[in-house]
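# Commentary on secondary and tertiary structure
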Amino acid sequence: MSLDRDTLFIGGGWVAPASSETIQVISPHSEELVATVPDTTPADIDAAVAAARDAFDHGPWPRMTPAERIDVVAAFSGLYAGSLAEMADVITAEMGSPTSFANLAQTPAPWMQIEAFLGIAREYPWEEIRDGALGSPVMVRREPVGVVAAIPPWNVPQFTIMSKVIPALLAGCTVVVKPAPETPLDGYLMAELLVEAGVPEGVVNIVAGGREVGEHLVAHPGIDKVAFTGSTAAGRKIAAVCGEQLKRVSLELGGKSAAIVLDDADLTTAIEGLKFTALMNSGQACVAQTRILASRANYTNVVDALAEAVSVMQVGDPMDPATEIGPMVAQRQQERVEKYIALGQEEGARVVIGGNGMPEGLDRGWYVRPTIFADVDNGMRIAQEEIFGPVLSVIAYDDVDDAVRIANDSDYGLAGTVWTADREAGLDVARRVRAGTYGVNTYTMDFAAPFGGFKASGLGREFGPEGLGQYTELKSIYLENPPTQ
Ligand code: NAD
């Protein structure tokens, strides 16, 4: 089946783009053409914002009751549940996510998000009466924030689209989604399901394109709120524009999370967990635990166990269900990771396994070898900067206080884990690390709870009632007491 498209999803239908420029989606595995889609231009963004603005200012969606919107989103959820495998295959084709991960997380997790948000919306205090401090009642309403620009990255495209579009829809907002140019295909597939579910025209518009049109969208006067997931560098620029224009903004940015292995941890369990939390999606994950902290006494054991586990991970064709590490999304990303591997060696870290060069048995595709660095000092650039590939640094600590200090010695604060036989000791560490999410012997994101970053990892939260609240404006209506009639 061809994945090519020659139209954009604007105003509830498929419309011709303003220019004949195209995006070529190239397979990171075979380097062959997967599909061609239109490259969105500023004129297309203007059309998409106009459609979303019209749907918000004059259309039915914001004026429907929350219960009516919940019914439409529930219908979408049912359709989405029937498309998980197809959607996962599309994501694997466009960005090379191993199919094992795509079918575990790239599409089931967005569906779980939808279901969690539906549950939250059913209980949400859309309109409540409070006892006012002055003796009169006050009505507190949560109203839609307006027209939302949703800007996802390529690494978990449906995950980051859904975390914005679903709460926006439930709150009564309208949305312009701008998928990244590496991953335009899954968003257009989703558009078909939105139409089938009965989402009114103009409520969601999908226009894939690059950074320039992203900037145009963020600065557009028709946009009331920007919801962004991506790099910290882009997040800073977007926050500056939104600050100037006083637009609402939420930012999910980069990370350099630390996994602390305490001496009492069962090493087999810890390494099994770390293999996933550090290397999922071929290391292209914002929450990846790329700094592994081990005590000096236990250091060699941790390095050896990690090296043994990673050395047998299958690297290769992402469509092979046994593959654990696939290619990097693009040649530029492969080069970036290789640059960091070279830098680590220049900085004096020791390559335990991996290093630069193609993985064994592969002669094309944007692959890198999973690499573990030992003897890493937390001040090195490989320990401070987000690499976004399968490259891990093992860092030694003196005692638990030192481990917490090292974990916190980062510009980022997105996630972290601690591995221990003692849950209370783990919780004690969890309370002391400055990060938005933390796992004790696990890292399983739960969509009932807020997710987001401290420090340079972001602003605002997704998921949970807090994530829904990002798409509302609060209004207080003071009532007289007693009522005049
Ligand atoms: P990126 O910042 O280059 O791009 C992200 C998206 O923003 C893309 O759609 C891009 O076209 C657009 N964009 C880039 N600059 C823009 C600008 N100035 N104005 C408007 N739009 C702009 O990031 P990426 O390389 O696509 O994604 C990887 C990054 O995303 C990593 O840093 C990763 O940690 C982060 N990420 C964070 C989370 C999270 O939840 N915190 C989740 C996934 C990825």
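For the structure given in this document, a descriptive report is provided here. (Residues numbered from 1 in each chain as written. Predicted model: local features only at pLDDT ≥ 70, side-chain atom pairs only at ≥ 80, totals over all residues. Heavy atoms only, no water.)

### A few points about the site of the ligand
Around the ligand there are 28 residues in total, and Pro 152, Arg 211, Ser 231, Leu 253 and Glu 386 lie nearest to it. Take Lys 178: an N or O atom from its side chain is 3.0 Å from an oxygen atom of the ligand. For the ligand, whose accessible area on its own is 840 Å², the fraction buried by protein is 90%. Counting residues per element, the ones that place at least two in the shell around the ligand are α8 (211–219), β10 (225–229) and α9 (232–245). Here the shell around the ligand takes four residues from α8, the largest share from any one element. Among the residues making up the shell around the ligand, the classes are represented as 15 nonpolar, eight polar and five charged. (Near = heavy atom within 4 Å. Polar contact = N/O pair within 3.5 Å; in protein donor to acceptor, adjacent residues only side chain to side chain. Areas by Shrake-Rupley, 256 points an atom, 1.4 Å probe, with all protein chains shown as cover. Helix = DSSP H or I, 4+ residues; strand = E, 2+ residues; numbered from the N terminus. Nonpolar A, V, L, I, M, F, W, Y, C, P; charged D, E, K, R; others polar.)

### A closer look at helix α14 (residues 400–408)
Buried within α14 are the following residues: Asp 402, Ala 403, Val 404, Ile 406 and Ala 407. Against β12 (258–261), β13 (291–295), β16 (391–397) and α15 (423–432) lie the buried residues of α14. (Buried < 20%, exposed > 50% of the residue type's maximum accessible area, 1.4 Å probe, protein only. Contact = heavy atoms within 4.5 Å.)

### Structural notes on the pattern of salt bridges
Between side chains of opposite charge, pairing is possible as soon as their charged atoms come close. Throughout the structure, instances matching the rule amount to 21 salt bridges. Where Arg 130 meets Glu 128, a salt bridge forms, and the shortest distance between an N and an O atom there is 3.4 Å. Overall, the relative accessible area of 41% leaves Arg 130 in the partly exposed class. For Glu 128, a relative accessible area of 22% translates into the label partly exposed. Where Glu 215 meets Arg 211, a salt bridge forms, and the shortest distance between an N and an O atom there is 3.6 Å. Pair noted here: Glu 215 and Arg 211 are both in helix α8, with a separation of four residues, about one helical turn. The class of Glu 215 is partly exposed, set by a relative accessible area of 43%. (Salt bridge = Lys/Arg side-chain N within 4 Å of Asp/Glu carboxyl O.)

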